[in-house]
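Next come the chains, spelled out residue by residue.
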Amino acid sequence: MKKLLYVCLAIVLASCTKNQEEEFSAINMDNVVSFAVVNANNEDLLDSSNPNAIDLTTLRVYYLIDGVKTAANTGSDNPNGFYKYRVKQANDSYKYRLRVFLNPTVTNQQPKNTTIIEWNNANNDTLEARYRVYKNSPVSLLEFWENGQSRWKVQDQNTNPTRLITLVK
């Protein structure tokens, strides 16, 4: 019995190494931003009951990959790179939001990328994102720009944790 205990202990100790690199079986990609889209009168342009609502069937999301504009295909339940959702307000009404999946194409050497929202043929927004990267995958969003203007930084996490950006169209 004592010999069996020593053999088991030897096997356990032999299987441990100090130089083993930590491996993950999955990485949570933090690459989404939510938008409220309003007009100059602060009317919700994502609300389909609004006569001036944006037609989301014409909306396209593109990723700039190696200088080439490529249609977003997230491989998820939202393959077009976006989805619309609603948020209940205190007065039991709803506000609508557009969640956009930002370009996940990054490397450890190039942690910044570009996403383009094409609202229609004449109107688009350029979104840039800088990430903390692990093994060439975006782990967490550090900063976000819309049309060259910084709109969110990781320091804003306490004041704007949902990364809700208001776009005036």
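Attention here is on the structure that accompanies the text.

The rules behind these values
- Residues numbered from 1 in each chain as written.
- Predicted model: local features only at pLDDT ≥ 70, side-chain atom pairs only at ≥ 80, totals over all residues.
- Heavy atoms only, no water.
- Salt bridge = Lys/Arg side-chain N within 4 Å of Asp/Glu carboxyl O.
- Helix = DSSP H or I, 4+ residues; strand = E, 2+ residues; numbered from the N terminus.
- Buried < 20%, exposed > 50% of the residue type's maximum accessible area, 1.4 Å probe, protein only.
- Phe/Tyr/Trp six-rings, centres within 6.5 Å; stacked < 30°, edge-to-face > 60°.
- Lys NZ or Arg CZ within 6 Å of the ring centre and 35° of its normal.
- Pairing = 2+ DSSP bridges.
- Axes fitted to C-alpha atoms, helices over the stretch in contact; angles between N-to-C directions.
- Core = buried A, V, L, I, M, F, W, Y, C linked by side-chain atoms within 4.5 Å.
- Contact = heavy atoms within 4.5 Å.
- 1 Å grid on protein atoms, 1.4 Å probe; cavity = no way out; pocket = protein on both sides within 12 Å on 5 of 7 lines; lining within 4 Å.
- Points joined across faces, edges and corners; volume = space filled by probe spheres on them.
- Nonpolar A, V, L, I, M, F, W, Y, C, P; charged D, E, K, R; others polar.

## Re the pattern of salt bridges
Inference 1: Within the structure shown, the criterion is met by six salt bridges.
Inference 2: Glu-128 serves as the salt-bridge partner of Lys-112, at 3.9 Å between the closest nitrogen and oxygen. Residue Lys-112 is located in strand E6 (residues 112–120), and its partner Glu-128 is located in strand E7 (residues 123–134); the two are separated by 16 residues in the primary sequence.
Inference 3: Note on Glu-128: relative accessible area 24%, which makes it partly exposed.

## Notes on the packing of aromatic side chains
Inference 1: If you walk through the whole model with that rule in mind, you get three aromatic pairs.
Inference 2: A ring pair is formed by Tyr-83 and Phe-101, whose centres lie 6.1 Å apart and whose planes are at 40 degrees; its orientation type is tilted. Separated by 18 residues along the polypeptide, Tyr-83 in strand E4 (residues 82–88) and Phe-101 in strand E5 (residues 94–101) bring together distant segments of the chain.
Inference 3: Look at Tyr-83 and you get partly exposed, because its relative accessible area is 26%.
Inference 4: Each member of the aromatic cluster is reached from another via a ring pair, and the members are Tyr-83, Tyr-85 and Phe-101.
Inference 5: Sitting over the ring of Tyr-62, Lys-69 keeps its end group 4.6 Å from the ring centre.

## Points about the sheet that holds E5
Inference 1: Pairing is mixed in the open sheet, where four strands are placed in the order E4-E5-E1-E10. Of all strands in the sheet, those bounded by a partner on one side alone are E4 and strand E10 (164–168). Averaged over all adjacent pairs, the angle separating strand axes in this sheet is 35 degrees, with direction ignored.
Inference 2: In this structure, E4 lies alongside E5, joined through seven bridges in antiparallel fashion. Note on E5: the bridge partner recorded for Arg-86 is Tyr-96.

## Quick word on the nonpolar core
Inference 1: Formed by 27 residues in total, the largest nonpolar core has its most connected members in Phe-35, Leu-98, Val-100, Leu-102, Leu-141 and Phe-144.
Inference 2: Discounting chain neighbours no more than four positions away, the residues touching Leu-102 are Asn-31, Val-33, Tyr-63, Thr-115, Leu-127, Ala-129, Tyr-131, Leu-141 and Phe-144.

## Quick notes on the pairing of E7
Inference 1: The pairing of E6 with E7 spans eight bridges and is antiparallel. By the bridge assignment for E7, Glu-118 is matched with Asn-124.
Inference 2: Where E7 folds back on strand E8 (residues 137–146), the antiparallel hairpin that results is connected by two residues, among which Lys-135 adopts a positive phi of roughly 50 degrees.

## Description of the environment of Ala-36
Inference 1: One can find Ala-36 in strand E1 (residues 32–38).
Inference 2: The exposure class of Ala-36 is buried, given its relative accessible area of 7%.

## What to know about the layout of surface pockets
Inference 1: Each pocket or cavity is described by its volume, and for the largest pocket that value is around 170 Å³.
Inference 2: Forming the boundary of the largest pocket are Leu-64, Ile-65, Asp-66, Thr-105, Val-106, Thr-107, Gln-110, Lys-112, Asn-113 and Thr-114.
Inference 3: At the level of elements, strand E2 (60–65) and E6 are the ones that each hand at least two residues to the lining of the largest pocket.
Inference 4: At three residues, E6 tops the list of elements feeding residues into the lining of the largest pocket.
Inference 5: Grouping the constituent residues of the lining of the largest pocket by class yields three nonpolar, five polar and two charged.

The values are spatial; any link to function lies outside them.
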